[in-house]
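The lines below spell out each chain.
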Amino acid sequence: MKNEKWKFETKVIHVGGEPDPTTGAIMPPIYQTSTYVQSSPGEHKGYEYTRSHNPTRTRLEECLASLENAQHCLVTASGLSASTLIMHMLPKGSRILCGDDVYGGTYRLFSKVFPDIHQFKFVETTNLANLEKEMESFKPALVWLETPTNPLLKISDIQAISALAKKVKALTVVDNTFMSPFFQNPLDLGADLVIHSMTKFINGHSDVVGGALMMNAQELRDKLFYLQNAIGPAQSPFDSWLVLRGIKTLAIRMKAHEQNAMKVAAYLESHPKVERVIYPGLKSHPQYELGKKQMKGSGGMITFFLKGGISESRRFLENVKLFALAESLGGVESLVDHPAIMTHASIPKEVREGLGIFDNLIRLSVGIEDIDDLLQDLDIGFAKV
Ligand SMILES: *Cc1c(COP(=O)(O)O)cnc(C)c1O
């Protein structure tokens, strides 16, 4: 069931969420099967083996494609396995120009796993003139953007960069995990491929690991589907079902994340123990105007620098309670992360500090709890610093 005029709030519940045609069950069944019966060799109903296709996963792919205004979607077992498929799609020896402040696991994949196969260059992507020069000299086959970045929340101009990439015949990939399809749609801005870690906002309940790829070009879809089947990182039917369940509230969750994050960011910005706050919704954000132009909201992630160093950070992190100290982000519950020790530890210290990820940098994933309780929790943390 699909209606092009439906708004996001309707699509997220109904596309791929149709009642089961055989029983009328309002909720889709979990097709917990590895294989499917054939009436004659090669004659089947479109499903042969769950590594290739599964009806529960198909529903999720239909829903996600509609949310990103994409023709196609492929759902994978994790965000990083989706990234891996993109790397395997490129001919050996391809050049990849990648943003310099990407998710730690993406950095590890590109700098440790794939350098024998491809050539990578990490560059600052907020300076367009500089990026254009890099594209002309490096001649990449693919430009990899994360916007906003993790953890510095730098915003890159998807429309301008996709146009520059087209001129040098490079594909543009955007990791849209932080905004989710609710706040940003990179394909509409000219990107060729969107990647999500569904583990984060899309599923939103911190109980599944998953990834998704969205694209319009049939050729890209076919190449990536071939690799997904040949390599094998398809998501399990149960996990796809959990994401189908979690995604239904994506629209209201994203609004609630943003509302709370706006208030937490304002609180932090006026706090005497805070050196600096980075949040796309604050006028003080270096790319505030660009963010307003390409994003429909500012999301639930906040980065701030505490006055002090590692010991002050530790005291803060050990004393907040509602903000659970944990890796990951995007769940209904608030989380706090110390990138230098936790999520970004795989990036060498000199590189990390060169980017601005210092020991007093703290990242918040603001959940959808009551805002007064969240602010009080932060008060307790600061009181111990
Ligand atoms: C978590 C994350 C990933 C990796 O996804 P997994 O599901 O953990 O494999 C990629 N990009 C960003 C921005 C992330 O936050």
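Computed from a prediction, not measured in an experiment: that's the story for all the values here. (Residues numbered from 1 in each chain as written. Predicted model: local features only at pLDDT ≥ 70, side-chain atom pairs only at ≥ 80, totals over all residues. Heavy atoms only, no water.)

Asker: What is the right way to read the domain arrangement of the protein from this model?
Answerer: Accessible area lost upon the coming together of the parts serves often as the stated size of an interface. Here the protein is described as being made up of domain 1 (8-247) and domain 2 (250-383). Once you take the C-alpha centre of each, domain 1 and domain 2 turn out to be 26 Å apart. Across the contact, 43 residues belong to domain 1 and 44 residues belong to domain 2. Of the roughly 3,400 Å² buried between domain 1 and domain 2 on both sides combined, carbon and sulfur atoms contribute 64%. When the area that domain 1 buries against domain 2 is broken down by residue, the three leading residues are Ile-155, Phe-183 and Phe-201, summing to 23%. With its nearest N and O atoms 3.0 Å apart, the salt bridge here joins Lys-255 to Glu-9. Between domain 1 and domain 2 we count 17 residue pairs in polar contact (both at pLDDT 80 or more) in total. Counting residues per element, the ones that place at least two in the side of domain 1 that touches domain 2 are helix 1 (8-14), helix 4 (104-113), helix 6 (158-167), helix 7 (180-183) and helix 9 (237-247). With four residues, helix 7 is the largest single contributor of residues to the side of domain 1 that touches domain 2. Along the lines of polarity and charge, the residues of the side of domain 1 that touches domain 2 split into 21 nonpolar, 15 polar and seven charged. (Domains from an automatic or database assignment. Contact = heavy atoms within 4.5 Å. Buried area = accessible area lost by both parts, 1.4 Å probe. Salt bridge = Lys/Arg side-chain N within 4 Å of Asp/Glu carboxyl O. Polar contact = N/O pair within 3.5 Å; in protein donor to acceptor, adjacent residues only side chain to side chain. Helix = DSSP H or I, 4+ residues; strand = E, 2+ residues; numbered from the N terminus. Nonpolar A, V, L, I, M, F, W, Y, C, P; charged D, E, K, R; others polar.)

Asker: Where do I start with the environment of Phe-122 in this structure?
Answerer: Secondary-structure assignment places Phe-122 in strand 3 (residues 119-123). Here the alpha-carbon distance between Phe-122 and Gly-204, two residues 82 residues apart in the chain, equals 30 Å. With residues up to four places along the chain from it excluded, the contact list for Phe-122 reads Cys-98, Gly-99, Asp-100, Tyr-107 and Phe-110.

Asker: For this particular structure, what's the right way to read the site of the ligand?
Answerer: Surveying the vicinity of the ligand reveals 14 residues, the closest of which are Leu-80, Asp-175, Ser-197, Thr-199 and Lys-200. Ser-197 has a polar side-chain atom sitting 2.8 Å from an oxygen atom of the ligand. In the model, an oxygen atom of the ligand is placed 2.7 Å from a nitrogen or oxygen of the Lys-200 side chain. In isolation the ligand has 380 Å² of accessible area, and contact with the protein removes 92% of it. Considering only residue class, the shell around the ligand consists of five nonpolar, six polar and three charged. (Near = heavy atom within 4 Å. Areas by Shrake-Rupley, 256 points an atom, 1.4 Å probe, with all protein chains shown as cover.)

Asker: Just checking my understanding: could you explain unusual backbone geometry for this structure?
Answerer: With the exception of glycine, most residues fall at negative phi, and the peptide bonds are largely trans. The omega angle of the peptide bond from Thr-147 to Pro-148 is -5°, so this bond is cis rather than trans. The topology assignment puts Pro-148 in the loop between strand 4 (142-146) and helix 6. Residue Pro-151 is reached from Asn-150 by a cis peptide bond, and omega for that bond is 10°. Within the secondary structure layout, Pro-151 lies in the loop between strand 4 and helix 6. The phi dihedral of Ser-180 is positive, around 65°, even though this residue is not glycine. Following the sequence through the fold, Ser-180 ends up in helix 7. Its relative accessible area of 1% is what places Ser-180 among the buried residues. Positive phi is not limited to glycine here, since Ser-328 has a value of about 80°. (Buried < 20%, exposed > 50% of the residue type's maximum accessible area, 1.4 Å probe, protein only.)

Asker: Help me understand helix 14 (residues 371-383) in this model?
Answerer: One full turn of an α-helix is made of 3.6 residues, so residues set three or four places apart face in the same direction. A rise of 1.5 Å per residue sets the reference length of helix 14, with its 13 residues, at 18 Å; its end C-alpha atoms lie 18 Å apart and thus fit the reference within 8%. Lining the buried residues of helix 14 we find helix 10 (250-269), strand 8 (274-278), strand 9 (301-306) and helix 12 (310-319). (Expected span 1.5 Å × (residues − 1).)

Asker: Please explain the pattern of salt bridges as it appears in this structure.
Answerer: Two side chains with opposite charge may pair up if their charged atoms get near one another. All told, the structure shown has 12 salt bridges when counted by the stated rule. Here Arg-59 ties to Glu-18 by a salt bridge, and the two come within 3.6 Å at their closest N and O atoms. Here Arg-59 is found in helix 2 (residues 55-67), whereas its partner Glu-18 is found in the loop between helix 1 and helix 2, with 41 residues between them in sequence. Residue Arg-59 shares its accessibility class with Glu-18, and that shared class is buried. Across the pair Lys-349 and Asp-359 runs a salt bridge, and its minimum N-O distance is 3.7 Å. Of this pair, Lys-349 sits in helix 13 (residues 349-355) while Asp-359 sits in the loop between helix 13 and strand 12 (361-365), and the two are 10 residues apart along the sequence. Classification of Lys-349 by relative accessible area gives partly exposed; the value is 41%. Each of Asp-100, Glu-124 and Lys-154 takes part in one network of salt bridges that share partners.

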